[in-house]
Amino acid sequence: MSTHDTQAIADLTSRIKEVRFPMFTWQDEHGHLLSQPMTQEEVDDGGGIWFFTSTQTALWDCIGHRPQVNLSFAKPEDSLFVSVSGLAERVVDRERIRAMWNTGAQAWFPAGPDDEHAVLIRVEPHSAEYWDSNDSKMVRMFAYAKAAMTGTRPDMDAEHRTLKL
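Residues numbered from 1 in each chain as written. Predicted model: local features only at pLDDT ≥ 70, side-chain atom pairs only at ≥ 80, totals over all residues. Heavy atoms only, no water.

Student: How would you explain the pattern of salt bridges if you had to name every residue and give the values?
Tutor: Enumeration over the complete set of coordinates arrives at 8 salt bridges. Asp-78 is the partner of Lys-75 in a salt bridge, and the nearest nitrogen-oxygen pair spans 3.2 Å. For Lys-75, a relative accessible area of 17% corresponds to the buried category. Residue classification places Asp-78 among the partly exposed residues on the basis of a relative accessible area of 35%. Across the salt bridge formed by Arg-122 and Glu-124, the nearest N and O atoms sit 2.4 Å from each other. (Salt bridge = Lys/Arg side-chain N within 4 Å of Asp/Glu carboxyl O. Buried < 20%, exposed > 50% of the residue type's maximum accessible area, 1.4 Å probe, protein only.)

Next up, the structure:
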C-alpha cells in the first residue's frame, strides 16, 4: 500500500497521462547513464508508472542492480515538461501482464502474454518536477520575441513545481 500524497499523485498523473513515450534513464553496470524511449502503459492508484520490457534487454539487467531511474516526459506543443525520479521494480507476474496486454505489447512479443521474455517494470516515483505553461503558443512566441527585443526575460504564465511523493 502506498503512503504517497494522493493529491500529488493526481497532479502528476494529470500531467503525464497523455505523454505516451517518456525517456527512461537508468545506470548501466559501469554507472553510466543511458536513456531510451519507453511506452507508458498506465499509472496505478499508488502512483506507480508501468512499462512492458523484455528480460533480454540491458535495461532489465541493469535495474536489477541499480534501481534508481528517471523518467522524462515532454509535450513541447503545450510547453509541458516533467521529470520523475524513483525506483524501478522488475515485475514478473503473468496475471498482471495479461491484464495489461495490448496491441503495442503484441507487436514486441508476437508469442503473446505468455512469452517468457515479456515482463513489466513499475517505477515507484519519489519526486517529480514539472514546468507547465498556461499560455497559448502564440502568447509564448510573442513573450520570447518581446524579451529578445527588450533584453528582458520572457513574461509568461508558467508553473514550476516540485512534488514530493
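Structure shown, so let's carry the discussion forward.
Student: How would you explain helix α2 (residues 58-65) if you had to name every residue and give the values?
Tutor: Residues lying three or four places apart along an α-helix face the same way, a consequence of the helix completing one turn every 3.6 residues. Burial in α2 covers these residues: Leu-59, Trp-60, Cys-62 and Ile-63. Structurally, α2 contributes buried residues whose contacts are with β1 (23-27), β2 (33-37), β4 (49-54), β5 (68-75), β6 (80-91) and β7 (118-133). (Helix = DSSP H or I, 4+ residues; strand = E, 2+ residues; numbered from the N terminus. Contact = heavy atoms within 4.5 Å.)

Student: An account of the side chain of Asp-115 is requested, with residue identities and associated values reported.
Tutor: For Asp-115, the location among the structural elements is in the loop between α4 (103-108) and β7. Arg-94 provides the closest opposite charge to the buried, salt-bridge-free Asp-115, at an N-O distance of 6.4 Å. Within the structure, Asp-115 has its side chain in polar contact with the backbone nitrogen of His-117 (distance 2.7 Å). (Lys, Arg positive; Asp, Glu negative; His and termini not counted. Polar contact = N/O pair within 3.5 Å; in protein donor to acceptor, adjacent residues only side chain to side chain.)

Student: Could you give an account of the pairing of β2, naming the residues involved and the relevant values?
Tutor: Of the strand pairs in this sheet, β1 and β2 are connected by 5 bridges, and their pairing is antiparallel. Bridged to Met-23 within β2 is Pro-37. Linkage of β1 to β2, two consecutive antiparallel strands, is achieved through a turn of 5 residues, within which Gly-31 is found at a positive phi near 85°. (Pairing = 2+ DSSP bridges.)

Student: Lay out helix α1 (residues 6-16) with the relevant residues and their values.
Tutor: Those residues of α1 that sit buried are Ala-8, Ile-9, Asp-11, Leu-12, Arg-15 and Ile-16. Down the axis of α1, the buried set is contained in an arc of 160°. They therefore lie on one face. Residues of α1 that are exposed and point over 90 degrees away from its buried face: Thr-6 and Gln-7. Near the N-terminus of α1, the side chain that reaches the backbone nitrogen of Gln-7, with its oxygen 2.8 Å away, is that of Asp-5. (Arc of directions from axis to C-beta.)

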